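Breakdown of the fold
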Amino acid sequence: MKSLWMDTGHLPYFPPLWGEAKADVLVIGAGMAGILCAWTLQQAGLSCVVAEAATIASGATGGTSAKITAQHGLIYHTLLQTQGKARAKGYLEANRMGLEALSALAASLDCDFQREDHIVYSLTDSTVLQRELSALEILGYPAELVTGLPLPMPTAGGIRFPNQARFHPIQFLNAIAQDLTIFENTPVRRLSGTTAFTDHGRIQAKYVIAATHFPFLRLAGGYFLKQYQQRSYVIALKGTPRLDGMYLGAQPNSLSFRMQGDFLLLGGGGHRTGQQGGGWAELERFAGTHYPHAEITHRWAAQDCMSLDQMPYIGPYSHRMPGVYVATGFNKWGMTTAMAAARILRDQILGRENPYGQLFSPSRHMPPSRAMANAGEAAKDFFALSPKRCPHLGCALRWNPQEHSWDCPCHGSRFSETGKLLDNPAPRSRKEFR
Ligand code: FES
């Protein structure tokens, strides 16, 4: 169940906080977003500390596909239709900025960084590709329609974003975490203003960034209403033909492909947390059919926060919490968007203008129909019968037979068989499981 990244990468150890610490900025969470925020702010001359409840990259970052790209499915036609040209173009530019900034940094470090094209393919429907290409033309991006893809199954072609990138995220974090002040195994239990209280100490800061995957600091900001979580699955295969480029299917739940050294990483099988999906079995069936002689060397799963309008939430946490900022809702694109978030939050903390600050504001208007649909999904599970209830807001937990965990369909908290908290926003483990 260890990801290829965690199996082949190395991370430094940082002791927990005992006592007091002080800094300009406290970053809560040592995943890609938290580490990049701290690193970026430190480069700008601010002192930072990072408090991590477990260990570096032990959450979503350890399970990423580690693609660095501004191509997030066939998103630009949808954004153009639903949010207009200015917002669609802003999303594209913010992610191109994230791509270039992260690539420049990664290229200077020992982290298997490599430039590579990213292609979103469609299995049978070329009209969706034409539509996306037209949207990208309107936005001024030089994408290309390509056919004859080197994938193991027939496709109708794809849209190619040239010169995107990939890297080894754990080697990358290992390189940049060395210069940061990080407290591992230091869960923040509560905030009073911008002072954080941990199990054995206190951190005083002028500003706080919650980079905790799903925000869990009180109910302020209503994040439990405006996002949900999704699980997706990856297997690493050895002994496949080499594949140039990175690929993602256009249709929901289609497969993702990329190489890492000699390994082919095959992703897919996703579903809303707490519901059923294809999981590893779907990937293994595909691998058995198309790569019958390959060996499966690693299996892992990732959990992602999904916003309701396909844009992340980056900016002030809530008007009720001055000095506190958030970065979440990356919709599975946490590498590129994390770098965009680090730049945006740096500028907001320093009082500088940032062209994307308003675009991703967590307090932006959300279409009521989507908020209602998300709340409706959660309400079904609030009233459902189950022997176990979630300590977050009391929804019924569902047994996940693939991963042997109790998962909450409402907002995505997960617990081990014995009740240990695996994924937030629930603030604690379920003691009564034991
Ligand atoms: Fe919110 Fe379970 S995660 S009720």
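Each remark here, short or long, concerns the structure printed above.
Now for a quick tour of the structure. Since the model is a prediction, treat every value here as computed from it, not as a measurement.

Thresholds, definitions, all that
- Residues numbered from 1 in each chain as written.
- Predicted model: local features only at pLDDT ≥ 70, side-chain atom pairs only at ≥ 80, totals over all residues.
- Heavy atoms only, no water.
- Helix = DSSP H or I, 4+ residues; strand = E, 2+ residues; numbered from the N terminus.
- Rg over C-alpha atoms; globule rule 2.2 N^0.38 Å.
- Buried < 20%, exposed > 50% of the residue type's maximum accessible area, 1.4 Å probe, protein only.
- Contact = heavy atoms within 4.5 Å.
- Areas by Shrake-Rupley, 256 points an atom, 1.4 Å probe, with all protein chains shown as cover.
- Lys, Arg positive; Asp, Glu negative; His and termini not counted.
- Charge placed at Lys NZ, Arg CZ, Asp CG, Glu CD.
- Axes fitted to C-alpha atoms, helices over the stretch in contact; angles between N-to-C directions.
- Parallel < 35°, antiparallel > 145°, perpendicular 65-115°, else oblique.
- Left-handed = near helix turned anticlockwise from the far one by under 90°.
- Phe/Tyr/Trp six-rings, centres within 6.5 Å; stacked < 30°, edge-to-face > 60°.
- Lys NZ or Arg CZ within 6 Å of the ring centre and 35° of its normal.

**As for the overall build of the chain**
Regarding its fold elements, the chain presents 10 helices and 21 strands. Against the 2.2 N^0.38 benchmark of 22 Å for 434 residues, the chain shows a C-alpha radius of gyration of 21 Å, consistent with a compact globule. Expressed as lengths along the three principal axes of its C-alpha atoms, the size of the chain is roughly 60 × 50 × 45 Å. A buried classification covers 59% of the 434 residues belonging to the chain. Nonlocal contacts in the chain, meaning residues at least 24 apart in sequence, comprise 72% of its contacts between residues at least 6 apart. Just so you have it, the chain exposes about 17400 Å², and 52% of that area is on carbon and sulfur atoms. Of the charged side chains in the chain, 41 are positive and 33 negative, and the gap between their average positions amounts to 7 Å.

**Observations concerning the packing of helix H3 (residues 75–83) against helix H5 (residues 127–139)**
Two numbers describe a pair of packed helices, the interaxial angle and the distance between the axes. Closest axis-to-axis distance for the H3/H5 pair is 7 Å, and the angle between their directions is 65 degrees. Considering the angle they form, H3 stands roughly perpendicular to H5. With respect to the hand of their crossing, H3 and H5 are arranged in left-handed fashion. Packed against H3, whose contacting residues are Ile75, Tyr76, His77 and Leu80, the element H5 presents Arg131, Glu132, Ala135, Leu136, Ile138 and Leu139 at the interface.

**A word on unusual backbone geometry**
Across the junction of Asn424 and Pro425, the peptide omega takes the value 25 degrees, indicating a cis bond. Locating Pro425 in the fold gives a position in the segment after strand E21 (421–423). Phi angles above zero are rare outside glycine, and Ala66 is one such case at about 60 degrees. Within the secondary structure layout, Ala66 lies in the loop between strand E2 (48–51) and strand E3 (67–68). Overall, Ala66 belongs to the buried group, its relative accessible area being 0%. The phi dihedral of Asn185 is positive, around 50 degrees, even though this residue is not glycine. Structurally, Asn185 is set in the loop between strand E7 (182–183) and strand E8 (188–192).

**A look at the side chain of Arg346**
Along the polypeptide, Arg346 turns up in helix H9 (residues 334–350). By relative accessible area, which is 16% here, Arg346 ends up buried. Arg346 has contacts with Thr40, Leu41, Ala44 and Arg352, leaving out every residue within four places of it along the chain.

**Things to note about the packing of aromatic side chains**
Taken as a whole and judged by the stated rule, the model has 13 aromatic pairs. Ring plane angle 15 degrees and centroid distance 6.3 Å describe the contact between Tyr76 and Phe161, whose orientation is recorded as stacked. Here Tyr76 is found in helix H3, whereas its partner Phe161 is found in strand E6 (residues 158–166), with 85 residues between them in sequence. Judged by its relative accessible area of 0%, Tyr76 falls in the buried class. Taken together, the ring pairs in this structure connect Tyr76, Tyr91, Tyr141, Phe161 and Phe360 into an aromatic cluster. Taking NZ or CZ as reference, Arg190 lies 4.1 Å from the ring centre of Phe197, over its face. Here Lys226 stacks its cationic end above the ring of Tyr313, 5.4 Å away from the centre of that ring.

**Things to note about the environment of Leu92**
Within the fold, Leu92 resides in helix H4 (residues 85–107). With 21 residues separating them in the primary sequence, Leu92 and Gln71 have C-alpha atoms 8.3 Å apart. In this structure, Leu92 is in contact with Ala70, Tyr76, Leu139, Tyr141 and Phe161, ignoring residues within four places of it in sequence.

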